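The lines below spell out each chain.
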Protein chains: 2
Amino acid sequence: MPAATPPEVDDVDRAIVAALVADGRTSFTDLGRQVGLPTSTVHQRVRRLEQRGVLKGYTAVVDHEALGLPLSAIVSVTPFDPAAPDDVPERLARVAEVESCWSVAGEESYVLLVRTATPGRLEEVLAEIRTTGSVATRTTVILSTPFEGRPPSRS
Amino acid sequence: MPAATPPEVDDVDRAIVAALVADGRTSFTDLGRQVGLPTSTVHQRVRRLEQRGVLKGYTAVVDHEALGLPLSAIVSVTPFDPAAPDDVPERLARVAEVESCWSVAGEESYVLLVRTATPGRLEEVLAEIRTTGSVATRTTVILSTPFEGRPPSRS
DNA sequence: GATGAAAGCCATATTGG
DNA sequence: CCAATATGGCTTTCATC
């Protein structure tokens, strides 16, 4: 028998989550209409999903170009000293331009997503990453973004 | 002289955007308090930011593990036939598990972010990607996510 | 866990400075 | 860009099943 019984995420919950991923500002009233439940019930379910951590938060989707950060890059990272205590993510978190940090299996230890205003700034950020993280970097520049952050689906 | 004068995104706009990235459900009343402007003004600015496309939308941030998609991977993609018309993104968009698709400079043509329920499903998705995209793949499994989707900043 | 009702708060439009 | 207003809709709580 399993150690714990995690509360289930049923189809209604998944419908609610999908609707909120599609539009994070959907009202509870609308949500109720979409999933066929009264507002109060939906409200209660969303609260539960938030408390369980299934819904971690809500955010605006921004156009990085319009915001003055037209240059994005994927940066693979390898620590200089594989034996050293690995607080690389904590240190890289101090570099504001690092939007995401994934710990990965394979040749490299981490993959980062970085957004900068100019190539010159990217150069500086890469230098920061190398020094504050004590890592080597391999950088792949993003030319365009056909799509990004689509809703999760288990098809 | 420049061909056009794109409307400026000033510091107040950036503060508004930052607040909405931090919490996409912030009310206009709260936004006003945070940036020190009346509700009506903030409302007007958010509308303008949405119309200009600076704010592209709002979305819920979900816990993929809790949603039953615990396995994420970064997939680098190389078309078999570099001369063929490049509608690879359109074709890859049909695979629901592909969350993001970036067109990149370098050895490979695209980098994908993929979320699946199980290793077996990842195997199937990779097969789908190769066949529907007519591409070769190189896959890096994500072990954990120290952080992801942090607010944009031009430091 | 689901529901319906009731209360207060908020979004939104409008007018005018 | 700000202030003021008005109304309809929404969030939130609570008692109930």
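None of the values given here were measured: they were computed from a predicted structure.

Colleague: I keep staring at the interface of chain B and chain A and nothing clicks. Help me out?
Modeller: The parts lose accessible area when they come together, and the size of an interface is often stated as this lost area. In this complex, chain B contributes 63 residues to the contact, which on the side of chain A involves 63 residues. Note on chain B versus chain A: buried area summed over both sides is about 5500 Å², and carbon and sulfur give 58% of it. In this assembly, chain B and chain A are joined by 39 residue pairs in polar contact (both at pLDDT 80 or more). Every element with two or more residues in the side of chain B that touches chain A is listed here: helix H1 (11–22), strand S1 (55–62), helix H4 (88–92), strand S3 (98–104), strand S4 (110–116) and strand S5 (135–147) of chain B. The greatest single-element share of the side of chain B that touches chain A, amounting to 9 residues, is contributed by S5 of chain B. Of the residues in the side of chain B that touches chain A, the class split is 35 nonpolar, 16 polar and 12 charged.

Colleague: It is not clear to me how the pattern of salt bridges should be interpreted in this structure. Could you clarify?
Modeller: Charged atoms that come close allow side chains of opposite charge to pair. Applying the stated criterion across every chain yields a total of 24 salt bridges over all chains. With a shortest N-O distance of 2.7 Å, glutamate 124 of chain A and arginine 121 of chain A are connected by a salt bridge. Separated by 3 residues within a single helix, glutamate 124 of chain A and arginine 121 of chain A lie in helix H5 (residues 119–133), roughly one turn from each other. Glutamate 124 of chain A gets classed as partly exposed once you look at its relative accessible area, which sits at 44%. Where glutamate 97 of chain B meets arginine 121 of chain B, a salt bridge forms, and the shortest distance between an N and an O atom there is 2.9 Å. One end of the pair, glutamate 97 of chain B, is in the loop between H4 and S3; the other, arginine 121 of chain B, is in helix H5 (residues 119–133), with 24 residues separating them in the sequence. Judged on exposure class, the residue glutamate 97 of chain B and its partner arginine 121 of chain B are both buried.

Rules and cut-offs
- Residues numbered from 1 in each chain as written.
- Chains lettered and ligands numbered in written order.
- Predicted model: local features only at pLDDT ≥ 70, side-chain atom pairs only at ≥ 80, totals over all residues.
- Heavy atoms only, no water.
- Contact = heavy atoms within 4.5 Å.
- Buried area = accessible area lost by both parts, 1.4 Å probe.
- Polar contact = N/O pair within 3.5 Å; in protein donor to acceptor, adjacent residues only side chain to side chain.
- Helix = DSSP H or I, 4+ residues; strand = E, 2+ residues; numbered from the N terminus.
- Nonpolar A, V, L, I, M, F, W, Y, C, P; charged D, E, K, R; others polar.
- Salt bridge = Lys/Arg side-chain N within 4 Å of Asp/Glu carboxyl O.
- Buried < 20%, exposed > 50% of the residue type's maximum accessible area, 1.4 Å probe, protein only.

All we've got here are geometric facts, nothing functional implied.
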